[in-house]
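# Overview (structure and organization)
Listed here are the chains, written in short residue letters.
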Amino acid sequence: MKLWRLSPSDPQLEEMQIFQDICDALSDGKLVAIPTETVYGLAADATNGKACAGIYEAKGRPSFNPLISHIDSLEAAQTHAFFDDRALKLATEFWPGPLTLVLPKLPTSPVSDLAVAGLETIALRVPRSAVMRALCKRTGLPLAAPSANLSGRISGTTATDVINDLKDHLSYVIDSGATPVGVESTIVSLVSERPTLLRPGGLAREDIEAVLGEPLARAGTDDSAPMAPGMLTSHYAPNSHIRLNADYVTESEALITFGTDLPKGADKAARLVSLSDSMDLTEAAARLFTALRLADLGRNRKIAVMPIPHHGLGEAINDRLARAAAPRE
Ligand code: TXA
Ligand code: MG
């Protein structure tokens, strides 16, 4: 891990060699801790599923919450999501700043399925942090970045917090002192008719409502509002039924494989989709949501899933599979 102490008076940070080195590390799928105005972010290339799996692994997240993709401008954001009038108003008024917008994801966006946890929506934010924006711009990449802390611990607001929690996983830490806002961004969803506050944060509700000209619904308190993040409906649920820990498979089922020691009937399965032939849990996590989509042959069909070990990222993979397999109405 290398530390870059970035002072606000550092002239032309983009001309420094270390800036280019960090761009190269990000393009190469590495993890970098980057300060934003809210909290430090644990950043990686949002288009690289394996890099995003590395984020979950480093945080020790027991489940895959969708991640915020950071970009350097509204123009870049519009290559990932559909902006209606409300979204344009909020973005124009509050970006760069501590506001995250959840919007319908464009099918042409290269952001990985794992970064959005298999959803058809995407969380986007242009941070005030000049270094984060410069990194997005130079690499041309959206950067997925949750708060840089271990899962269940409070968000890192200084480089020391971040190093204590995550040093073994990081290739660089950019230290620009304590983050000025200190709480995470406010998250507003604009995917349904009622604009909805998913998470209060660094931008006050009143300021958002003033620009929108209407009140924000609060997630979970209003029937028309989407459920809070992490709830069942916020994640990709296949049409097919899911059968876990499969030790056989039938002709009408798709099989999601892990390793190459396939169960009985695999030669006749309707479709085979591999999570990882080499039994690499990071690779399996990166492919999980795409695999569920590929294996989804429709209603009245089944997806059989081979057993996945429960250690490391296996816990998060099994959490997602159990949710996808849970009975629904
Ligand atoms: O201030 C911040 O927002 C910081 C800095 C680094 O930007 N980031 C941050 O990320 O707090 P994280 O991963 O700790 O929180 C992201 C939240 C999660 O609660 C997640 O469920 C929600 O955003 N989220 C992401 N994508 C979503 C989506 N498509 N729909 C609903 N919620 C989403
Ligand atoms: Mg967090």
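Residues numbered from 1 in each chain as written. Chains lettered and ligands numbered in written order. Predicted model: local features only at pLDDT ≥ 70, side-chain atom pairs only at ≥ 80, totals over all residues. Heavy atoms only, no water.

### Quick notes on the sheet that holds strand β14 (residues 271–276)
Worth spelling out the cut-off: At least two bridges found by DSSP between two strands is the condition for calling them paired. Labels follow the DSSP assignment, with helices taken as runs of H or I lasting at least four residues and strands as runs of E lasting at least two, numbered in each case from the N terminus. Axis lines are fitted through C-alpha atoms, for helices just across the contact stretch, and the angle between N-to-C directions can take any value from 0 to 180 degrees.
Pairing is parallel in the open sheet, where 4 strands are placed in the order β12-β15-β13-β14. Unpaired on one side and paired on the other, β12 (241–243) and β14 mark the two borders of the sheet. Shown here is a sheet whose adjacent strand axes are inclined to one another by a mean of 20°, direction ignored. Relative to strand β15 (residues 302–305), β12 is paired through 3 bridges, and the arrangement is parallel. Bridge pairing in β15 places H241 opposite K302.

### Looking at the UniProt feature "binding site: ATP" (unreviewed entry) in the protein chain
What counts here: UniProt positions are given in the numbering used here, feature names are shortened, and annotations may be inferred rather than shown by experiment. Burial status follows relative accessibility: with a 1.4 Å probe on protein chains alone, a residue under 20% of its type maximum counts as buried, one over 50% as exposed, and anything between as partly exposed. By definition, residues are in contact when any of their heavy atoms lie within 4.5 Å.
The UniProt record marks R61, N65, T121, S147, S155, R199 and Y236 with the feature "binding site: ATP" (unreviewed entry), using the residue numbering of this structure. Relative to the helices and strands, R61 resides in the loop between α2 (49–59) and β4 (68–70). R61 gets classed as buried once you look at its relative accessible area, which sits at 16%. Not counting residues up to four positions away in its chain, the partners in contact with R61 are Y56, L67, P146, S151 and A316.

### A few points about the nonpolar core
The condition that has to hold: Here, nonpolar core means buried Ala, Val, Leu, Ile, Met, Phe, Trp, Tyr and Cys residues that are tied together by side-chain atoms lying within 4.5 Å of each other. These domain limits were set by an automatic method or by a database of domain assignments.
Of all hydrophobic cores here, the largest spans 73 residues; its most connected members are F64, F83 and L101. It is helix α8 (residues 281–295) that provides the largest number of residues to this core, a total of 9 residues. Three or more residues apiece are contributed to this core by two domains, here domain 1 (2–232) and domain 2 (241–325). Once you skip the residues sitting within four places of it in the chain, F83 turns out to touch L74, A77, Q78, L88, A91, W95, L101, L103 and L124.

### A look at the packing of aromatic side chains
Here is the rule: Put simply, two rings from Phe, Tyr or Trp (the six-membered ring, in Trp's case) pair if the centres are within 6.5 Å, and we call them stacked under 30 degrees between planes, edge-to-face over 60, tilted for the rest. Definition used: whenever NZ (Lys) or CZ (Arg) falls within 6 Å of the ring centre and also within 35 degrees of the ring normal, the charge is taken to sit over that ring.
As enumerated under the stated definition, the model contains 3 aromatic pairs in all. Taken together, a centroid distance of 6.2 Å and an interplanar angle of 70° make the contact between F64 and F289 edge-to-face. Separated by 225 residues along the polypeptide, F64 in the loop between α2 and β4 and F289 in helix α8 bring together distant segments of the chain. Comparing F64 with F289 shows no difference in burial state: the two are buried. Both rings, one in F83 and one in W95, keep their centres 6.1 Å apart while their planes meet at 75°; by these two values the pair is edge-to-face. Pair noted here: F83 is in the loop between α3 (74–77) and α4 (85–94) and W95 is in the loop between α4 and β5 (99–104), with a separation of 12 residues, a long-range link. The exposure classification of F83 matches that of W95, with both residues buried. One aromatic cluster in this structure is built from Y56, F64 and F289. Lying across the ring of Y248, R243 places its NZ or CZ 4.1 Å from the centre.

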